[in-house]
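Per-entry structural report
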Amino acid sequence: MSTICETFFKGVKVKRLDDEGNSVNVYNKPVVVQLEYDPKGMLVKITEESEQKEFIVCKGSEFARVGRKGIIFKLSTETLLLTFASDEDSNQFTDAVMKIKADKSASVFSERTEESSASQYFQFYGYLSQQQNMMQDFIRTSTYQKAILDNPIDFSGKVILDVGAGSGILSFFAQQSGAKRVYAVEASSIAVHAAKLVAANNVDDVIKVLSGKIEEIQLPEQVDVIISEPMGYMLLNERMLETLIHARKFLKPGGKMFPSRGDLHVAPFTDEALYMEQFNKVNFWYQEYFHGVNLSSLRNPAMTEYFRQPIVDTFDINICTAKTQRHIIDFQTAHETDLHRIEIPLEFHMLQSGTVHGLAFWFDVAFIGSNVTVWLSTAPTQPLTHWYQVRCLLSQPIFAKQGQLLTGRVLMVANAKESYDVTITVQIEGTNTVSTNTLDLSSPIYRSESSVDLTGACWGVGLAVLLSAAVLCAEVFGYSMGIEWS
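What you see is a predicted model, and the numbers here were worked out from it, not measured in a lab.

Quick look at the overall build of the protein
Looking only at helices and strands, the protein has 13 helices and 26 strands in total. Per-residue burial for the protein yields a buried fraction of 54% across its 486 residues. A sequence separation of at least 24 residues applies to 71% of the contacts in the protein between residues at least 6 apart. As displayed, the protein has an accessible area near 21500 Å², and 50% of this comes from carbon and sulfur atoms.

Right, here's the structure in full:
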């Protein structure tokens, strides 16, 4: 367990070494070296105006002691010699580095996640702009506050664990509800900012910000309630639900989970305009004389690629051609492995005739408290949230008549990109008409209809904030993503 505390070393001399070992001063005076938590290990910062430096110390970092007060770091672009003002400072700094180097543990998280994906994930959530995007989602934030404050019997005088605390906003709600102690666990660098917020609001006697992954930290005691906001779009993206379930190892028998369960809703939909929008993107690859080059051999791979992308947007519920089906995950009882492969059988009685272009998804979560149960819904019939809804297209739509039975399944298989490969299959019962498609949930297209007043629908979530966050998400994760207007 690591509490958040920035450590400063004053009077440090910094030299740069060349390949022959010759040295030159980087700064014309001793500087302040700052240590901060980083998901990969430890961040070393020098914020001098003349030349700012920062580098991460991790298990693979190369360093060596030089004399009593010196430490050499071999970085990717240069080699630095840090000479500390005292033996005590040098030893303290070295001890911090050795703790990072000596950590040989392999957690559940690291085993299930690609290192590059984890790095991008924590970098993304380390941005204050992304925290702002989520906090400004009025439906999200106010529903969490209501669920916590309206169930004081579950929080007053209790020990609380906030999993993936981010800015710490849920921890503040728990403190407002009378919590005795709150452990706010956060693995991204935003933990440093959360600790500042806690101190600035004079609640550091209640809220303890801990840096690290829930799979790797230890707590000094068991907790009465676990709070978290682990939902990705389509409920399961980012695989943080597994982290929430893993956190139950810290929960006292009979303890509560906020949220307590999640319902994933599925319905067939018809939307010719959306389908053609994706299909027409492939036309580029039909060209047989593009600057003298025949591109047509790539049109089939292009079709596969475009239709592997889920569409994240909002829509009118009337495009759904049957009543929804629901897949329930009980966070109090589910096991992490239950979420590695999820199969949802489908059976829809068609309420209207039309072309089925794919399946639409949204989710609800319930906070089941001792006083009241509060629901947070991302349904298209409810005020819009930053989760929107998700639609998975079929590359080969099928026509279904009113009264026919549409069967099939949704298969979600977890991958190391903190996401899922989603295979959807639909078939008209009693016929040979069947269509299937596999999508990459980590590679969405963010799309907004100009006819939708997002600012109003979000009750104060600014359109610019939402779209900028989508762009930031694409930049950080490398999504092959488009923001499109129709």
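Examining the pattern of salt bridges
Counted under the stated rule, the structure contains 21 salt bridges. One salt bridge connects Glu-36 with Lys-45, and the closest N-O pair in it is separated by 3.6 Å. Each member of the pair Glu-36 and Lys-45 is classed as buried. For the salt bridge of Glu-221 with Arg-181, the shortest nitrogen-to-oxygen distance reads 2.6 Å. You can see Glu-221 sitting in the loop between strand S12 (207-211) and strand S13 (223-228) and its partner Arg-181 sitting in strand S11 (residues 181-186), a full 40 residues away along the chain. Under the relative-accessibility criterion, Glu-221 is labelled partly exposed at 22%. Through salt bridges with shared partners, a single ionic network connects Asp-271, Glu-277, Asp-313, Arg-391 and Arg-447.

Quick look at the side chain of Ser-177
Take Ser-177: it is sitting in the loop between helix H7 (169-176) and S11. At a separation of 3.1 Å, a polar atom in the side chain of Ser-177 contacts the main-chain carbonyl oxygen of Ile-148.

Comments concerning the side chain of Ser-90
Positionally, Ser-90 belongs in helix H1 (residues 87-102). Setting aside anything within four residues of it in sequence, one finds Ser-90 in contact with Arg-65, Arg-68, Lys-69, Gly-70, Ile-71 and Phe-84.

Section: the environment of Met-303
The residue Met-303 is located in helix H11 (residues 299-307) in this model. Residue classification places Met-303 among the buried residues on the basis of a relative accessible area of 16%. A C-alpha to C-alpha distance of 5.9 Å links Met-303 and Val-282, two positions 21 residues apart in sequence. Leaving out residues up to four positions away in the same chain, Met-303 has contacts with Phe-279 and Val-282.

Details of the pairing of strand S10 (residues 159-163)
Looking along a regular strand, one sees the side chains alternate between the two faces of the sheet. Burial analysis of S10 places five of its five residues in the buried class, which makes it a mostly covered element. Judged by which residues are buried, S10 turns out to be covered on both faces: Val-159, Leu-161 and Val-163 on one side and Ile-160 and Asp-162 on the other are all buried. As judged from the five bridges shared by S10 and S11, these two strands associate in the parallel manner. Within S11, the residue paired with Val-159 across the bridge is Arg-181. The parallel pair S10 and S11 is bridged by H7, and the resulting crossover is right-handed. Bridge analysis of S10 against S13 gives four bridges, and the strand direction is parallel. Bridge pairing in S13 links Leu-161 to Ile-226.

Observations concerning the environment of Gly-168
If you trace the backbone, Gly-168 turns up in the loop between S10 and H7. A residue is classified by how much of its surface remains accessible, and Gly-168, at 4% relative accessible area, is buried. When the C-alpha atoms of Gly-168 and Val-185 are compared, they prove to be 8.9 Å apart, with 17 residues separating the residues in sequence.

Structural notes on unusual backbone geometry
Residue Phe-258 is joined to Pro-259 through a cis peptide bond whose omega torsion reads 5 degrees. Tracing the chain through its elements places Pro-259 in the loop between strand S14 (251-258) and strand S15 (261-269). You will see that Asn-202, though not glycine, has its phi angle at about 55 degrees, which is positive. By the element assignment, Asn-202 lies in the loop between helix H8 (190-200) and S12. Positive phi, normally seen in glycine, also occurs at Leu-235, with a value near 70 degrees. Within the fold, Leu-235 resides in the loop between S13 and helix H9 (240-246). Given a relative accessible area of 0%, Leu-235 falls into the buried group.

Here we look at the packing of helix H10 (residues 272-281) against H11
Packing of H10 against H11 brings their axes to within 9 Å, and their N-to-C directions diverge by 140 degrees. By the angle class used here, H10 and H11 are oblique. Crossing angle aside, the handedness with which H10 passes H11 is right-handed. Together, Tyr-275, Gln-278, Phe-279 and Lys-281 of H10 and Met-303, Tyr-306 and Phe-307 of H11 make up the contact between the two elements. Classifying every residue of the contact of H10 with H11 gives five nonpolar, one polar and one charged.

Procedures and definitions
- Residues numbered from 1 in each chain as written.
- Predicted model: local features only at pLDDT ≥ 70, side-chain atom pairs only at ≥ 80, totals over all residues.
- Heavy atoms only, no water.
- Helix = DSSP H or I, 4+ residues; strand = E, 2+ residues; numbered from the N terminus.
- Buried < 20%, exposed > 50% of the residue type's maximum accessible area, 1.4 Å probe, protein only.
- Contact = heavy atoms within 4.5 Å.
- Areas by Shrake-Rupley, 256 points an atom, 1.4 Å probe, with all protein chains shown as cover.
- Salt bridge = Lys/Arg side-chain N within 4 Å of Asp/Glu carboxyl O.
- Polar contact = N/O pair within 3.5 Å; in protein donor to acceptor, adjacent residues only side chain to side chain.
- Pairing = 2+ DSSP bridges.
- Right-handed = clockwise from strand over helix to strand, strands pointing away.
- Axes fitted to C-alpha atoms, helices over the stretch in contact; angles between N-to-C directions.
- Parallel < 35°, antiparallel > 145°, perpendicular 65-115°, else oblique.
- Left-handed = near helix turned anticlockwise from the far one by under 90°.
- Nonpolar A, V, L, I, M, F, W, Y, C, P; charged D, E, K, R; others polar.

Read these as spatial facts, not as claims about activity.
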